[in-house]
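Survey of secondary and tertiary structure
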Amino acid sequence: MFSPNIHDTNFIALEMSEFFPEVTSIKYEGPESKNPLAFKHYNADELVEGKSMREHFRFGAAYWHCMRNPLGDPFGPGTAQMPWDDGSDSVENAQKRTHVFFEFLEKTGIDYYCFHDRDIAPELGTLAESNSALDAVVDELEGLQQQTGKKLLWGTACLFVHPRYAMGAATSPCPEVFAYAGAQVKKAIEVTHRLGGEGYTFWGGREGYSSLINTDLKRELDNLGRFLHMAVDYKKEIGFEGQFYIEPKPKEPTKHQYDSDAAACLNFLREYDLLDHFKLNIETNHAILAGHTVEHDLKVASAAEALGSIDANAGDELLGWDTDQFPTNIYDATRIMLVLLDMGGFTTGGLNFDAKRRRESHEPVDLFHAHVGGMDTFARGLKAAAAIRADGRMKEFVAKRYGGWDEGVGAKIERGESNLTELEAHALSNEPKPPSSGRQEMLENLFNEFI
């Protein structure tokens, strides 16, 4: 029987030497290195715009993908090799996984992690039993955090897998399900607070509808607003100072989810007087499913001063579902980092790799290859974004393009000092000239200079 002692350093060292014995700590070796398990571009202490890469990214690993994703698909069972896992729902097995995960964090140099409650601990026969199991695993996580200095970026409750949530959680037609979801979120916030979590995320995996024929849309939205207000009240009650996040996604598993994209989330938060309490956690793949680029949703959130955190992954535009691939596109990473740098970087949150290996990448070492590639991709994006900003030509072009708003009638409009009658008088005596070229191709070429 596995019986861990979180204060036994020798035990931790022994276990860590067994889970990934073929992998040593990943080091920065530079662009010339041919070592697949070395960073070519991510140098944690390298300064970019006066801040280390480590501080810019605040990289996080997703517990559910690293430790719990079997790599199955609708046509076949999982392929992931997890020799440390006995396949049971025992608390002891769940505790053992935490040691595997922290070895992974240590060897990759990832400072943060994120979890769903039901991924770190099993759901048992009753809520009380599930809460007890969660506490036992959180005991383990707390000790490992103290030993390693790793931190919890954010926690969340899994309100979409169990059959009770088949028709939603906070938007369920059944008040007993709403109550159960509230109890589960209460406990998840408590353990996130206990672990010093820097945030807590709400993702409405089934908060939506498959058909409006059987859906009272307004009632569901009103109840979702009530649910989130209850969470805000409880956060204040227990003194949890972490940031609350909403994570947009348009569909899958439901036909339409109420948190469909950044703009829809912001509208919901404003309508239900929640905007002061929430920021957005934007995911690349979710933005793609919404018909946007991730750059679009990031800019929408940033413009509203509501961009809090990012789930870093990639989607496949040829496929119509959430593929959660690891990010390897340097163009996308550069655009993401431009938004982050322009807003001054993270004040909360970080870059959490909500990404899974492909089904054929099933060996434990593939976890390392995947994260090393993602971290290097974002390092290249950061350096390119910083170079674009230092060069200044793109910013200068955009500023000049909108320069008319800085003086004359444009400035008066933006100050709120004009009206339609004044605009009519201006237009009668000032025929607009054709706008100057947007120079899209020139700017795309300029962008390419830095990749």
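Notes on the structure follow. (Residues numbered from 1 in each chain as written. Predicted model: local features only at pLDDT ≥ 70, side-chain atom pairs only at ≥ 80, totals over all residues. Heavy atoms only, no water.)

1. Digging into the state of the cysteines
Evaluated as defined, the whole model comprises 0 disulfides. Here Cys158 is not cross-linked by a disulfide; its sulfur's nearest cysteine counterpart is in Cys114, at 15 Å. Since its relative accessible area comes to 9%, Cys158 is described here as buried. Cysteine Cys265 shares no disulfide, and the gap to the nearest cysteine sulfur, in Cys114, comes to 18 Å. Here Cys265 falls in the buried class, since its relative accessible area comes to 3%. (Disulfide = S-S within 2.5 Å. Buried < 20%, exposed > 50% of the residue type's maximum accessible area, 1.4 Å probe, protein only.)

2. Overview of empty space enclosed by the protein
Over the atoms a probe the size of a water molecule is rolled, and this reveals where empty space is left. This structure, assessed with the given rule, holds 3 cavities of 30 Å³ or more. If you add up the space inside the largest cavity, you get close to 250 Å³. Mapped by element, the contributors of at least two residues to the lining of the largest cavity are strand E6 (199-202), helix H8 (217-238) and helix H9 (262-271). Reported here for the second largest cavity is a volume of approximately 40 Å³. Residue lining of the second largest cavity: Arg68, Ser88, Asp89, Ser90, Ala94, Arg97, Arg118, Asp119, Ala121 and Pro122, and that is the complete set. Mapped onto the lining of the second largest cavity, the elements with two or more residues apiece are helix H4 (91-108) and helix H5 (117-120). Among the residues making up the lining of the second largest cavity, the classes are represented as 3 nonpolar, 2 polar and 5 charged. (1 Å grid on protein atoms, 1.4 Å probe; cavity = no way out; pocket = protein on both sides within 12 Å on 5 of 7 lines; lining within 4 Å. Points joined across faces, edges and corners; volume = space filled by probe spheres on them. Helix = DSSP H or I, 4+ residues; strand = E, 2+ residues; numbered from the N terminus. Nonpolar A, V, L, I, M, F, W, Y, C, P; charged D, E, K, R; others polar.)

3. Considering the pattern of salt bridges
What the rule picks out here adds up to 26 salt bridges. Across the salt bridge formed by Arg393 and Asp391, the nearest N and O atoms sit 2.7 Å from each other. Each of Asp45, Arg54, Glu106, Asp111 and Lys150 takes part in a single network of salt bridges with overlapping partners. (Salt bridge = Lys/Arg side-chain N within 4 Å of Asp/Glu carboxyl O.)

4. Some details on the packing of helix H7 (residues 175-194) against H8
Their axes nearest at 11 Å, the elements H7 and H8 cross at an angle of 35 degrees. Regarding H7 and H8, the two cross each other, and that crossing is right-handed. Residue-level inspection shows Phe178, Ala181, Gly182, Val185, Lys186, Ile189, Glu190 and His193 of H7 in contact with H8, the latter providing Asn223, Phe227, Met230, Ala231, Tyr234 and Ile238. Of the residues that constitute the contact of H7 with H8, the class distribution is 9 nonpolar, 3 polar and 2 charged. (Axes fitted to C-alpha atoms, helices over the stretch in contact; angles between N-to-C directions. Left-handed = near helix turned anticlockwise from the far one by under 90°. Contact = heavy atoms within 4.5 Å.)

5. Some thoughts on helix H11 (residues 294-303)
Every α-helix winds through 3.6 residues per turn, so residues three or four apart in the chain are directed the same way. Every buried residue belonging to H11 is among Val294, Asp297, Leu298 and Ala301, and all of these are buried. Buried residues of H11, viewed axially, fall in a sector of 100 degrees; they line one side. At its buried positions, H11 is contacted by H9, strand E10 (278-283), helix H10 (284-289), strand E11 (307-311) and helix H12 (330-342). Of the residues one or two after H11, Glu305 is the one with positive phi, at around 55 degrees. (Arc of directions from axis to C-beta.)

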